[in-house]
Structure formats: C-alpha cells, structure tokens
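Structure at a glance
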Amino acid sequence: MIPLPYFLLLGAAVFCIGLFAALARRNAVAILMGIELMLNAVNINLVAFWRYTKPGTPTWDLAGQIFALFVITLAAAEAAIGLALIIAIYRSRDTVNVEDVDIMKW
Amino acid sequence: MSIDLVLTYVAFFVLAAITIIGGLLVAFVRNIMHAALALMMAFMGVAGIYLLLEAEFIAAVQVLIYVGAIAVLILFAIMLTRGLMTRTLPPENNQWLAAGGLALLLFVALVYIAVTTHWPVGTQALAGTDLIPKIGTELVTTYVLPFEVASILLLTALIGAIVIARE
C-alpha cells in the first residue's frame, strides 16, 4: 500500500495552495474557493489517518470518516452563507473586489 | 513490486496531479469562471483520492455535495456578480508576495513534519467489510448529538442565506 506520508504531502500541498488563494486573490468568490480547497485538504488528511489507523484499532472505528462528513456539512453551510454575503455586497456596493469593501477598516 | 501496487501508485500520482493542477489554476488563473471549473476538477481529483483510500461513501458524498452543489452554487454566484472583474486589474492583490511566502513556509514545515514523524500506522485489509451501514449506525448512535447539531446548523445557514441575499 502507498505509505501514509504521500497523502499527508498531498494534503499539505492543497492546503497551502488554498491558503495562498484565500490570502492573495482580489475576487471574493475566489477567496471562498480557496477556503473550500483548504477544507478539502483537511478532509484528505482525516480520511488518510482513518485508513492508516494504529494497529489494534478495529476497522469499524469510523471516527475519521464521520468527522470528514461533518466537515463537508460545514463547508456546505459556509459556502451558502459566504455566497449570500457576496451577493448582498454586490447589490449594495456594486463590487466583489475585497479591496473596495473597507468600510469597517480604520 | 507487484503490478497492483504499481497501478495504485500510478493512480495516486495521476489523481494528485489532477488535484494540485486544479488548485493551482484556482489560485492563479485570471478568469474567475475558469477558476471555478478548475475547482470542480480539483474536487473530482480529491474524490478519486478517497476511492483510493477505500472510503467509498465519502467519495460519493464529495461528488454529490462539492461537485454537485457547492461548485454549482459558486458558478451561480459568479454569474450573478459578473462583468466587473473584466477591467485590467491583476487577480492577486498587493500582498501576494507575503501570502506566497507564508504559504510556502507552511508547506515546508508540513513536509518536514510529515516526512520526519514516525507515524504508528497499521494497514489492515478492509476487503469484505461493508462499512457504509456502519457509518449510518454510528451517525445515529455514537455521534447522534453532533448529527443533530449539524442539522440545526444547516437549517440556520439556510435561513440566514435567504435573509442575507434577499433584496
């Protein structure tokens, strides 16, 4: 079987790409996409750790998979709220560039 | 190396390449619509990785919720807010250098940790065990409280999204 670090490295790479997208993109929708990528990276790690459990743990200990399911649920809620906020901002300020939305900055 | 193992490695690297190339396109491509399509590609790659890890249920949920729902939601949001990122502004803001440095630093740290740590792993064969009914049972016995909280959270998010996005 493929060693566990391969999956961890893939998760790390996807997380860092998502982090860069979330920090550096101008478009608010792209920032949300970066956050979704980061959540996916976390899920890769959770499922990989579930698959490679410590010897002696019974196979039906499904905590890793169930945690991944909850992360997916939260990601869905987050996407719905985030996109609703972006649409509301677009309606009132006519932009989705996060640098133009700075009324709460001092 | 047996042929099965070689094929598993090939599948892993192909899926990892799909995921990472999709992610890089999301981070760097100029057209936001193309970024959303690349995001769908990355989600499909991750679903393949789940299949490789023998988590079939999570793979199916990934395709249904991420590719089916979240990506379509993002595409709708892009179409509703379109026609304003066409001006000649770079897709990255002025902090892109600091953000890139931070992401790279974190990646180096994570690689170091993943490679040098001794993980107490065991790889028991899952063959023949049907885990999907177990997931259902666990969700309504051991994890019933988080399950109910998640349902309330989804309801709240639904109502909140409607209230926020309504004119």
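Rules of the game
Residues numbered from 1 in each chain as written. Chains lettered and ligands numbered in written order. Predicted model: local features only at pLDDT ≥ 70, side-chain atom pairs only at ≥ 80, totals over all residues. Helix = DSSP H or I, 4+ residues; strand = E, 2+ residues; numbered from the N terminus. Rg over C-alpha atoms; globule rule 2.2 N^0.38 Å. Buried ≥ 20, exposed ≤ 12 C-beta atoms within 10 Å, placed from the backbone. Contact = placed C-beta atoms within 7 Å. Core = buried A, V, L, I, M, F, W, Y, C linked by C-beta atoms within 7 Å. Domains from an automatic or database assignment. Expected span 1.5 Å × (residues − 1). Bend = angle between axes of the 7 residues up to and from the residue. pLDDT = per-residue confidence, 0-100. Axes fitted to C-alpha atoms, helices over the stretch in contact; angles between N-to-C directions. Parallel < 35°, antiparallel > 145°, perpendicular 65-115°, else oblique. Left-handed = near helix turned anticlockwise from the far one by under 90°. Nonpolar A, V, L, I, M, F, W, Y, C, P; charged D, E, K, R; others polar.

1. Here we look at the overall build of chain A
- Within chain A one finds three helices and zero strands.
- Its helices and strands in sequence order give chain A the pattern α-α-α, from N to C terminus.
- What you see for chain A is a C-alpha radius of gyration of 18 Å, clearly larger than the 13 Å of a compact globule of 106 residues, by over 25%.
- Expressed as lengths along the three principal axes of its C-alpha atoms, the size of chain A is roughly 55 × 25 × 25 Å.
- In chain A, buried positions account for 56% of the 106 residues.
- Contacts in chain A between residues far apart in sequence, at least 24 positions, make up 49% of those at least 6 positions apart.

2. Examining the environment of B:Leu105
All names here are of chain B.
- For Leu 105, the position within the fold is in helix α4 (residues 96-116).
- A count of 11 C-beta atoms within 10 Å places Leu 105 in the exposed class.
- For Leu 105 and Ala 157, which are 52 residues apart along the polypeptide, the C-alpha to C-alpha distance reads 34 Å.

3. Some remarks on the nonpolar core
- Ranked by internal contacts, the top residues of the largest apolar core, which has 76 residues, are A:Ala21, A:Val29, A:Met33, A:Val47, B:Leu39 and B:Ile74.
- Taken together, the elements giving at least two residues each to this core come down to α1 (4-24), α2 (28-51) and α3 (63-93) of chain A together with α1 (3-28), α2 (32-52), α3 (56-80) and α4 of chain B.
- For this core, the leading source of residues is α2(A), giving 15 residues.

4. Points about unusual backbone geometry
- A positive phi angle, near 60°, is found at A:Asp94, a position not held by glycine.
- One non-glycine residue, B:Glu54, lies in the positive phi region at around 60°.
- Summarising the element assignment, B:Glu54 is placed in the loop between α2 and α3.

5. A look at the domain arrangement of chain B
- The domain boundaries assigned to chain B delineate domain 1 (1-85) and domain 2 (130-167).
- Each of domain 1 of chain B and domain 2 of chain B has a C-alpha centre, and these two points are 23 Å apart.

6. Quick word on the interface of chain A and chain B
- Across the contact, 65 residues belong to chain A and 76 residues belong to chain B.
- The leading source of residues in the side of chain A that touches chain B is α3(A), at 21 residues.

7. With respect to α3(B)
- Here α3(B) spans 34 Å end to end across 25 residues, near enough to the 36 Å set by a 1.5 Å rise per residue.
- Of all the bends in α3(B), the greatest measures close to 25° and is centred on B:Tyr66.
- Of the residues making up α3(B), those classed as buried are B:Ile58, B:Ala59, B:Val61, B:Gln62, B:Tyr66, B:Ile70, B:Ala71, B:Ile74, B:Ala77 and B:Ile78.
- Check the buried side of α3(B) and you find it contacts α2 and α3 of chain A together with α2 of chain B.

8. Observations regarding the confidence of the model for chain B
- The predicted model of chain B has a mean per-residue pLDDT of 88, with 92% of residues at 70 or higher.
- We note a pTM of 0.91 for the whole complex and an ipTM of 0.91 for its interfaces.

9. Details of the packing of α1(A) against α4(B)
- With their axes 9 Å apart at the nearest point, α1(A) and α4(B) run at an angle of 165° to one another. Judged by the angle between their axes, α1(A) and α4(B) are roughly antiparallel. The chirality of how α1(A) crosses α4(B) is right-handed. Residues A:Pro5, A:Leu8, A:Leu9, A:Ala12, A:Ala13, A:Cys16, A:Leu19, A:Phe20, A:Leu23 and A:Ala24 of α1(A) touch α4(B), and the partners they reach there are B:Trp96, B:Ala99, B:Gly100, B:Ala103, B:Leu106, B:Phe107, B:Leu110, B:Val111, B:Ala114 and B:Val115.
- Split by residue class, the contact of α1(A) with α4(B) holds 19 nonpolar, one polar and no charged.

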